[in-house]
Amino acid sequence: MHIEFDIDKPAMTNYYKYLPFSQQDEDWGLHVLNAGCTRIEKGQEYPAHTHPGHHYFNWQKGRVLREFQLIYIAKGGGFFESLHCKKTTITEGSVFILFPGEWHRFRPDPAIGWDEYWVGFNGNIATSLLKNSFFPLDEPIKQVGLRESILLLFAEILETTRHEKAGYQPLISGAVLHLLGTIYSLIRQQKLPSDDVTETIIGKARALLRSGEYNKLSFEKLANELGVSYSWFRKTFKAYTGMAPGQYLQQLRLEQAKIMLTNTIKPLKQIADDLNFESAFYFSSLFKKKMGVSPEQYRRQIAALNKQNLDN
């Protein structure tokens, strides 16, 4: 199979494949069940009768699957409806997710048809993404536009399924996770201010926090030096990074603490002082809460691992 496409005029050879998976593939956390691409011309029956029986459905009845499916419409348009989503028009550049146990139905508009790419998958990673609301049941459709990066990932998945070489399941599972991450990132970006000034301000703030120069300054002073209000800074910073400025700085300090515990013999009080923690006690308490072990235990564990590696 060879897939060719142009970002403006996608072209494809119809293809699908249903894939076996081993217990080892399942233990990986994400495994792929099927993948394919189809061009539906205007007026063409959908799905075609050649569609495998266990996945066949019609618009009147819809269907329920026991897996996740990610479907990308690279050309044309149609309609989608599910238990948690009312009937919605699908346009070129839309991606929609089918969830296990969720009734749904979809079809191309007979007047224009569509080009669809899809991949079906299951596993603990996918279930966790659903459980933690990264992809809500009531928001299964996202307009991400016609993206070459998405088309290339689908092309990689489809080409790999053709040969089924040893270890191909983890490889295409990684591509699926890359797809999900790309889509989620695009969705996040659509919700953010897109002007260059905002991106410059947040980028400068992150650089200053990483430099350590502002560890002793309040975030109000940092916002003032950046020329924005503190409320705007805090809200926008969290929108871009997913964390409040204080949480971001705390993570940076803890990562730096791990490096110092690994590469120096400085006492904990000195590390706490160097990184501007309130006290050695607060530093130790926070480190254990976030890392699961105390700074002393972490240092001993790293030393033991290093010794083991040297002995071997």
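Everything discussed here concerns the structure shown above.
Residues numbered from 1 in each chain as written. Predicted model: local features only at pLDDT ≥ 70, side-chain atom pairs only at ≥ 80, totals over all residues. Heavy atoms only, no water.

The next subject is the nonpolar core. Core analysis: the biggest nonpolar cluster contains 35 residues, and Leu70, Tyr72, Val119 and Phe121 have the highest contact counts within it. Mapped onto this core, the elements with two or more residues apiece are strand S2 (31-40), strand S3 (68-76), strand S6 (94-98), strand S8 (114-122), helix H2 (124-131), helix H3 (148-163) and helix H4 (168-190). The greatest single-element share of this core, amounting to 9 residues, is contributed by H4. Residues within four places of Leu70 in sequence aside, it is in contact with Val95, Phe96, Ile97, Tyr117, Trp118, Val119, Phe121, Phe154, Leu179, Leu180 and Ile183. (Core = buried A, V, L, I, M, F, W, Y, C linked by side-chain atoms within 4.5 Å. Buried < 20%, exposed > 50% of the residue type's maximum accessible area, 1.4 Å probe, protein only. Helix = DSSP H or I, 4+ residues; strand = E, 2+ residues; numbered from the N terminus. Contact = heavy atoms within 4.5 Å.)

Here we come to the environment of Lys307. Mapped onto the fold, Lys307 is located in helix H11 (residues 295-311). Separated by 166 residues in sequence, Lys307 and Ile141 place their C-alpha atoms 52 Å apart.

What follows covers the packing of H3 against H4. Two quantities define a packed helix pair, namely the angle between the helix axes and the distance between the axes. Look at H3 against H4: their axes get within 10 Å of each other, and the N-to-C directions meet at 165°. Compared by their axis directions, H3 and H4 come out roughly antiparallel. For the crossing formed where H3 meets H4, the hand is left-handed. Packed against H3, whose contacting residues are Ser149, Ile150, Leu153, Phe154, Glu156, Ile157, Thr160 and Thr161, the element H4 presents Tyr168, Leu171, Ile172, Ala175, Val176, His178, Leu179, Thr182, Ile183 and Leu186 at the interface. Looking at side-chain class alone, the contact of H3 with H4 contains 12 nonpolar, 5 polar and 1 charged residues. (Axes fitted to C-alpha atoms, helices over the stretch in contact; angles between N-to-C directions. Parallel < 35°, antiparallel > 145°, perpendicular 65-115°, else oblique. Left-handed = near helix turned anticlockwise from the far one by under 90°. Nonpolar A, V, L, I, M, F, W, Y, C, P; charged D, E, K, R; others polar.)

Looking now at the sheet that holds strand S7 (residues 104-108). One open sheet accounts for 3 strands, arranged S5-S4-S7; its pairing is antiparallel. Where the open sheet ends on each side, the last strands, each with one partner, are strand S5 (85-90) and S7. Recorded for the sheet is a direction-independent mean angle of 10° between the axes of neighbouring strands. Alignment of strand S4 (residues 78-82) against S7, held across 5 bridges, turns out to be antiparallel. Opposite Glu81, over in S7, you have Arg105 as the bridge partner. (Pairing = 2+ DSSP bridges.)

Looking now at unusual backbone geometry. The omega torsion across Tyr46 and Pro47 is -15°, close enough to zero to call that bond cis. Positive phi outside glycine occurs at Glu164, with the angle close to 50°. Inspection of the secondary structure assignment puts Glu164 in the loop between H3 and H4. Judged by its relative accessible area of 32%, Glu164 falls in the partly exposed class. Residues other than glycine seldom take positive phi values, yet Asn276 does so here, at roughly 60°. Inspection of the secondary structure assignment puts Asn276 in the loop between helix H9 (268-274) and helix H10 (280-291).

As a further point, take the packing of aromatic side chains. As enumerated under the stated definition, the model contains 21 aromatic pairs in all. When the ring of Tyr46 is compared with that of Trp114, the centres are 5.8 Å apart and the planes differ by 85°; the resulting orientation is edge-to-face. Of the two residues, Tyr46 is situated in the loop between S2 and S3 and Trp114 in strand S8; the sequence distance between them amounts to 68 residues. No difference in accessibility class separates Tyr46 from Trp114, as the two residues are buried. Consider the rings of Phe283 and Phe287, whose centres lie 5.9 Å apart with planes at 70°: the pair is edge-to-face. (Phe/Tyr/Trp six-rings, centres within 6.5 Å; stacked < 30°, edge-to-face > 60°.)

Before going further, it helps to examine the pattern of salt bridges. Scanning the model with the defined rule gives 7 salt bridges in all. Arg39 is the partner of Asp115 in a salt bridge, and the nearest nitrogen-oxygen pair spans 2.6 Å. Pair noted here: Asp115 is in strand S8 and Arg39 is in strand S2, with a separation of 76 residues, a long-range link. Each member of the pair Asp115 and Arg39 is classed as buried. A salt bridge links Glu139 to Lys142, with the shortest nitrogen-to-oxygen separation between them at 3.0 Å. (Salt bridge = Lys/Arg side-chain N within 4 Å of Asp/Glu carboxyl O.)

Spatial relationships are all this shows, so hold off on functional conclusions.
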